[in-house]
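Reading the structure
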Amino acid sequence: MKKIAILASGNGSNFEAIMKKIQSNDLQAEVVIVFSDQSDAYVLERAKQYDIPFASFSPKDFDSKVAYEAELLALLRAYEVEFVVLAGYLRILGPEVIHNFSHCIVNIHPSLLPDYPGLRSIERAYLDGQAVTGVTIHYVDEGLDTGPMIRQASLAIDPDDSLERLEERVHQLEHQLYPEVLQQLLNKELNES
Ligand SMILES: Nc1nc2c(c(=O)[nH]1)N[C@@H](CN(C=O)c1ccc(C(=O)N[C@@H](CCC(=O)O)C(=O)O)cc1)CN2
Ligand SMILES: NCC(=O)N[C@@H]1O[C@H](COP(=O)([O-])[O-])[C@@H](O)[C@H]1O
């Protein structure tokens, strides 16, 4: 069973969706560590609720981003992590971590990339009056939201949707898609190993 790490900076609803699928045996994986760069991130509370080890430190705690990344890599190695899952991790991963987990780092993004990369993607699509938005799951490379795409799912924007309602609908789509895609990726990895 693959050992996975969750990296998140905020609420952790995608982490919870993954844990629920693991508990229902719809996703065969073991979350061995939850890491956040934000010490007050609610994802850490969720990790406690699921009795999953967690850790948190910030780039501000280090002299350089390289030193921060070295500490993060050491943490992943200490937990023998095989697959890194970004779930609202709002830091740009550097080459050190990426090269040590080549093709084993994935991210979920709340837009149909390459449209709306970066932050506040749902809000920007909404304010632009887009008729369709969606979710992208991709491998992580050194660029921002430029890694090879794995799966996309689209979602019509209802003209009556408030931004809050649209965000809820996008998150619901994420919570259904991410565990499903992770199961396929980890199964494929298993079959190929
Ligand atoms: N090397 C990569 N790292 C990350 C990726 C990626 O594709 N390649 N995806 C992001 C997630 N993300 C959107 O999905 C995202 C993360 C961070 C930012 C951002 O602008 N952050 C701040 C702070 C950056 C830092 O301190 O590292 C900024 O750049 O000002 C935008 C989007 C996860 N990481
Ligand atoms: N650019 C990265 C980005 O915007 N990621 C987004 O952060 C949210 C995290 O929610 P969660 O903490 O409840 O899982 C998710 O919607 C994810 O797509």
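Definitions and limits used
- In this convention, every chain numbers its residues from 1, walking through the sequence in written order.
- Chains and ligands are labelled sequentially in the order written, the chains with letters from A and the ligands with numbers from 1.
- Per-residue local features of the predicted model are confined to residues with pLDDT of at least 70, and side-chain atom pairs are confined, for both listing and counting, to 80 or more; whole-chain, interface and lining totals are unaffected and use all residues.
- Side-chain descriptors were evaluated using all non-hydrogen atoms of the structure, hydrogens and water having been removed beforehand.
- Working definition: residue near molecule or strand if any one of its non-hydrogen atoms lies within 4 Å of it.
- The term polar contact refers here to a pair of N or O atoms within 3.5 Å; inside protein, the definition further demands a hydrogen-donor-capable atom paired with an acceptor-capable atom, and it admits residues adjacent in sequence only when both atoms are side-chain atoms.
- With residues, only the protein chains shown are counted as cover, and all accessible areas are computed by Shrake-Rupley using a 1.4 Å probe.
- Lys, Arg, Asp and Glu make up the charged group, whereas Ala, Val, Leu, Ile, Met, Phe, Trp, Tyr, Cys and Pro make up the nonpolar group; the residues left over, Gly among them, are polar.
- UniProt positions are given in the numbering used here, feature names are shortened, and annotations may be inferred rather than shown by experiment.
- The helix and strand labels rest on DSSP assignments: H or I over at least four residues marks a helix, E over at least two residues marks a strand, and numbering proceeds from the N terminus.
- Whether two residues touch is decided by their heavy atoms; if any such pair falls within 4.5 Å, the residues are in contact.
- For two strands to pair, DSSP has to find at least two bridges joining them.
- Note on geometry: axes are C-alpha line fits, over the in-contact stretch for helices, and angles between N-to-C directions span 0 to 180 degrees.

With that settled, the discussion passes to the site of ligand 1. Lining the immediate environment of ligand 1, one finds 19 residues, of which Lys65, Arg91, Asp141, Gly143 and Asp145 sit closest. Take Ile92: an N or O atom from its main chain is 2.8 Å from an oxygen atom of ligand 1. Contact between ligand 1 and His109: an oxygen atom at 3.2 Å from a side-chain N or O atom of the residue. Burial of ligand 1 by the surrounding chains reaches 80%, relative to a free accessible area of 690 Å². Considering only residue class, the shell around ligand 1 consists of nine nonpolar, five polar and five charged.

Quick look at the UniProt feature "domain: Formyl transferase N-terminal" (unreviewed entry) in the protein now. In the numbering used here, UniProt assigns the "domain: Formyl transferase N-terminal" (unreviewed entry) feature to residues 2-182. Secondary structure within residues 2-182 divides into 36% helix and 22% strand; the distance between the first and last C-alpha atoms comes to 11 Å.

Around ligand 2, the structure places Asn11, Gly12, Ser13, Asn14, Gly88, Leu90, Ile108, His109, Pro110, Gly118, His171 and Glu174. Measuring from an oxygen atom of ligand 2, one finds a backbone N or O atom of Asn11 at 3.4 Å. With respect to ligand 2, the side chain of Glu174 contributes an N or O atom lying 2.4 Å from an oxygen atom. The protein chains hide 87% of the 450 Å² of surface that ligand 2 would expose on its own. Breaking the shell around ligand 2 down by element, the ones donating at least two residues are helix 1 (13-23), strand 5 (105-109) and helix 6 (163-192). Across the shell around ligand 2, the residue classes tally to three nonpolar, eight polar and one charged.

Under the feature "active site" (unreviewed entry), the UniProt entry names His109. Its location among the elements puts His109 in strand 5. If near-sequence neighbours (up to four positions away) are discounted, His109 is found in contact with Tyr116, Pro117, Gly118, Ser121, Gly134, Val135, Thr136, His138, Asp145 and Glu174. Polar side-chain contacts of His109 include one of 2.8 Å to the backbone oxygen of Tyr116.

The next point concerns the sheet that holds strand 1 (residues 3-7). By way of backbone hydrogen bonds, the strands of a sheet pair with one another, either parallel or antiparallel. Read across the open sheet, the seven strands follow the order 3-2-1-4-5-6-7; overall the sheet is mixed. Two strands bound the open sheet, and with one partner strand each, they are strand 3 (54-56) and strand 7 (149-156). Strand after strand, the sheet turns through a mean of 20° between neighbouring axes, direction not considered. Direction of pairing for strand 6 (residues 132-139) relative to strand 7: antiparallel, over a ladder of seven bridges. When the sheet's bridge partners are listed, Thr133 is paired in strand 7 with Leu155. Along the sheet face, helix 3 (residues 65-78) touches strand 1, strand 2 (30-36), strand 3 and strand 4 (83-86) and points at about 160° away from the line of strand 2.

A few words on the environment of Val170. Tracing the sequence through the fold places Val170 in helix 6. When the C-alpha positions of Val170 and Glu180 are compared, they lie 16 Å apart, and in sequence the two are 10 residues distant. If we ignore the near neighbours within four places in the chain, the residues touching Val170 are Pro110, Ile122, Thr133, Gly134, Val135 and Leu155.

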